[in-house]
Amino acid sequence: MTEFRSFGRRRGRKLRPYQSEVYSDLLPKLALDIPEEGCWDPREAFAQPDLPLNLEIGFGRGEYLFQRSLLFPQQNFIGAEPYENGVAKLLTSISEHYTSETPSRCNIRLFVDDVRDLIGKIPNKCLHRIDIPFPDPWPKVRHRRRRLINTSLLQQIRRVLCDGGQLCIATDHEDYLEAILVLMQQFPEFRWQATKASDWQQPWYGIQTRYAEKALRAGRRGYYLHFVL
Ligand SMILES: C[S@@+](CC[C@H](N)C(=O)[O-])C[C@H]1O[C@@H](n2cnc3c(N)ncnc32)[C@H](O)[C@@H]1O
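Every chain is numbered independently, its residues counted from 1 as its sequence is written. In keeping with the model being predicted, local features are shown solely for residues with a pLDDT of at least 70 and side-chain atom pairs are shown and tallied solely at 80 or more, while totals for entire chains, interfaces and linings include all residues. To get the side-chain values, take all heavy atoms of the structure and skip hydrogens and water.

A.B. asks: Just checking my understanding: could you explain the packing of aromatic side chains for this structure?
C.D. replies: Each aromatic ring pair is described using two quantities: the centre-to-centre distance and the angle formed by the ring planes. Ring geometry is summarised as follows: Phe, Tyr and Trp rings, the Trp one being its six-membered ring, pair when their centres sit within 6.5 Å, and such pairs are stacked at plane angles under 30 degrees, edge-to-face over 60 and tilted between the two. Evaluation of the coordinates by the stated rule reveals 8 aromatic pairs. Taken together, a centroid distance of 6.0 Å and an interplanar angle of 45° make the contact between Tyr64 and Trp204 tilted. In this pair, Tyr64 is assigned in helix H2 (residues 63-71) and Trp204 in the loop between helix H7 (197-201) and helix H8 (210-217), connecting sequence segments 140 residues apart. Partly exposed describes any residue whose relative accessible area lies between the buried limit of under 20% and the exposed limit of over 50%, with all areas from a 1.4 Å probe on protein chains only and scaled to the type maximum. The exposure class of Tyr64 is buried, given its relative accessible area of 1%. The interplanar angle of 85° and the centroid separation of 5.2 Å between the aromatic rings of Trp204 and Tyr224 together place this pair among those described as edge-to-face. Only DSSP runs of H or I with at least four residues qualify as helices, and only runs of E with at least two residues qualify as strands; both kinds are numbered from the N terminus onward.

A.B. asks: I keep staring at unusual backbone geometry and nothing clicks. Help me out?
C.D. replies: Generally, phi is negative for residues other than glycine and the peptide bonds are trans, each holding for most cases. Of note in this structure, Trp138 is not a glycine but carries a positive phi near 40°. With respect to the helices and strands, Trp138 occurs in the loop between strand S4 (127-133) and helix H5 (151-160). Positive phi is not limited to glycine here, since Tyr205 has a value of about 55°.

A.B. asks: Quick question: what am I supposed to make of the environment of Ile149 here?
C.D. replies: Structurally, the position occupied by Ile149 is in the loop between S4 and H5. Between the C-alpha atom of Ile149 and that of Pro135, which follows or precedes it by 14 residues, the distance is 8.0 Å. Contacts are residue-level and defined by heavy atoms, with any inter-residue pair within 4.5 Å sufficient. Leave out the neighbours within four places in its chain, and Ile149 touches Ile132, Pro135, Leu154, Ile169, Tyr176, Ile180 and Leu183.

Structural measurements only, silent on function.
Okay, here's the thing in structure tokens:
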């Protein structure tokens, strides 16, 4: 099946000089280096490869990813995001936190492109948790085929999550919410954890993403779905 582009822009405003500098200095140290062919294990990209590995898809400016990486120093995180200005913002947060000698100690590694080009290369049952906070909703009917969450991505997610692995998806778009819940019925092995309304109303770890804040200001609420395999 042809996959349609699920993201908007790769580039926005020109980066400020210090952002450009951080981008060219720090990104090569934190970007995943994936071989064209042969086996590859993403755990080997981290200073402590045996820690539980998480993936965040579409981290935007990375506030949720960065805060989680500090909250859970005994876990590793991969962030996938093709939007370079967002990547530059996250790299700036990382560079302000770690001194220039220690960025490789940072427990985040980055893939600055479409996650679908990454996930197919991840070995089976390798990931502890996958977060997809507020994927682009593509509300117009003619754009719906661009939605990231579809059967083929969920098949890959099921393959790469370990037993007991977690999948967390948030959206502020009721139509997308409904579509995701319908899609998840194809995967009954994922158990939806909600037992009461507050379970799907609270942001994970109490961290609001930038997109969630925008949605709240516009009078929309976020729905937080948590599934366990
Ligand atoms: C609506 S924004 C939400 C950003 C952030 N998660 C937040 O909540 O503030 C969706 C993000 O997903 C990214 N995205 C869309 N398709 C993607 C893909 N195939 N791989 C990785 N990221 C993707 C977009 O570039 C965009 O930054």
